[in-house]
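# Observations on the model geometry
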Amino acid sequence: MTKELDWNNLSFGYIPTDYNVRCRYTDGHWGEIEVSDSEYINMHMAATCLHYGQEVFEGLKAFRGKDGKIRIFRLDENARRIASSARGIKMQPITEELFREMVIKAVKLNERFIPPYGSGASLYIRPLELGMSAQIGVHPSTEYLFMVMVTPVGPYFKEGFKPTNICIMREFDRVAPKGTGRWKVGGNYAASLEAGEKAHELGYSAVLYLDPREKKYLDECGPANFFAIKDGVYITPESESILPSITNKSLIQLAQDMGLKVERRHITIDELEHIQEAAACGTAAVASPVAEIDDIDTGKKYVVSQDGNPGPVVTALYNKLRGIQLGEEPDVYGWNTIVE
Ligand SMILES: *Cc1c(COP(=O)(O)O)cnc(C)c1O
């Protein structure tokens, strides 16, 4: 037993835990689930994941609730999405049952790393699948490794739930039209690092990408989806290059329940003049409110938050979703998997 972790001061870094869970696909079928206490993978240097980017992943969280129970948020949605991502880059899809079993096992085995209720921290779950066959020719691997690792992470908003500035830069695209944007593949992240770093250097928290075909419509917001509140309507971009965020899907449901209209459609840059609130959404932050959107190329600044505070709708949605994850609010849609 290592020393107690300081739950209130965890960052979004990597903290080792006791175990990870692995399963290999060889000879046309998934094998037995293995429990490992090693942080390393032994693989062939010609594995397709290393050379040709055959890698897909997921990100979800487990929470210690108000009632002491452990909840995993929308496990089934992540199971479906990783299989869709795998099919997108010709990898063997993981069955939903296998995904479920391995995620639950990884959480249970590392139960002592689930932060206590009230700390604002959670257990981040990172399932990943790798193409493992030794190959130099460019074609899909015949062998795969699926593994689930977990690590405790601190609250996303350490200085409180505050809006940040984001920027539009036409110099970069995250993905190609009809490319890999709708799948959660590591390569998309590599492709976004340069734009992301440049935005950070300029003082922005993220890049609000434009659609890669016409550069007319809002697209993905860094590694998150974007939504805005405009005259009581929740608007979020429709695009074939956006990763379908499970957080966005959940917030859409909650927005409808609050009586908001929801529109998933093309959003032009000019429309940013007329919005009252905006946020980036994803598992890490739930919703990260936006203060200002600066168009680097035209110099135009779209001020979303006049007083530097998050707006009422984004705040209400954020609180509601967090409440469901922590067992403070009723889970009417059965989004949580309770780990017994
Ligand atoms: C993971 C991810 C998101 C957020 O998805 P969630 O399911 O809400 O965590 C959004 N955009 C990209 C590019 C992502 O990789």
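Residues numbered from 1 in each chain as written. Predicted model: local features only at pLDDT ≥ 70, side-chain atom pairs only at ≥ 80, totals over all residues. Heavy atoms only, no water.

### Description of the pairing of strand β6 (residues 70-73)
Put simply, the rule is: The classification of residues rests on relative accessible area computed with a 1.4 Å probe and restricted to protein chains. Under 20% of the type maximum is buried, over 50% is exposed, and intermediate values are partly exposed. Runs of H or I in DSSP of at least four residues are treated as helices and runs of E of at least two as strands, each being numbered from the N terminus. One bridge is not enough; two strands pair if DSSP finds at least two bridges between them.
Burial along β6 is two-sided: Ile70 and Ile72 and Arg71 and Phe73, pointing in opposite directions, are all buried. Examined bridge by bridge, strand β5 (residues 60-64) and β6 share three bridges and lie antiparallel to one another. Bridged to phenylalanine 63 within β6 is arginine 71. In this structure, the hairpin formed by β5 and β6 is closed by a connection of five residues, where glycine 68 is found at a positive phi of approximately 85°. Across four bridges, the pairing between β6 and strand β18 (residues 336-339) is antiparallel. Residue pairing across strands places isoleucine 70 opposite valine 339, the latter belonging to β18.

### What to know about the domain arrangement of the protein chain
Stated formally: Boundaries of every domain are those given by an automatic assignment or by a domain database. Contacts were defined at the residue level, with two residues in contact if any of their heavy atoms lie within 4.5 Å. Here the quantity called buried area is the total loss of accessible area, with a 1.4 Å probe, experienced by two parts when brought into contact, counted for both. The definition of a polar contact used here is a pair of N or O atoms within 3.5 Å, where within protein one atom must be able to donate a hydrogen and the other to accept one, and adjacent residues in sequence count solely through side-chain atom pairs. Charged means Asp, Glu, Lys or Arg here, nonpolar means Ala, Val, Leu, Ile, Met, Phe, Trp, Tyr, Cys or Pro, and polar covers whatever is left, Gly included.
According to the domain assignment, the protein chain contains domain 1 (2-153) and domain 2 (164-325). Distance from the C-alpha centre of domain 1 to the C-alpha centre of domain 2: 26 Å. Taken together, the contact pairs 21 residues of domain 1 with 18 residues of domain 2. Together domain 1 and domain 2 conceal approximately 1,700 Å² of surface at their shared face, both sides included; 61% is due to carbon and sulfur atoms. For the pair domain 1 and domain 2, the interface holds eight residue pairs in polar contact (both at pLDDT 80 or more). Mapped by element, the contributors of at least two residues to the side of domain 1 that touches domain 2 are β4 (55-57), β5, β6 and α2 (75-88). Sorting elements by how many residues they give to the side of domain 1 that touches domain 2 places α2 first, with six residues. Residue classes in the side of domain 1 that touches domain 2 are distributed as eight nonpolar, six polar and seven charged.

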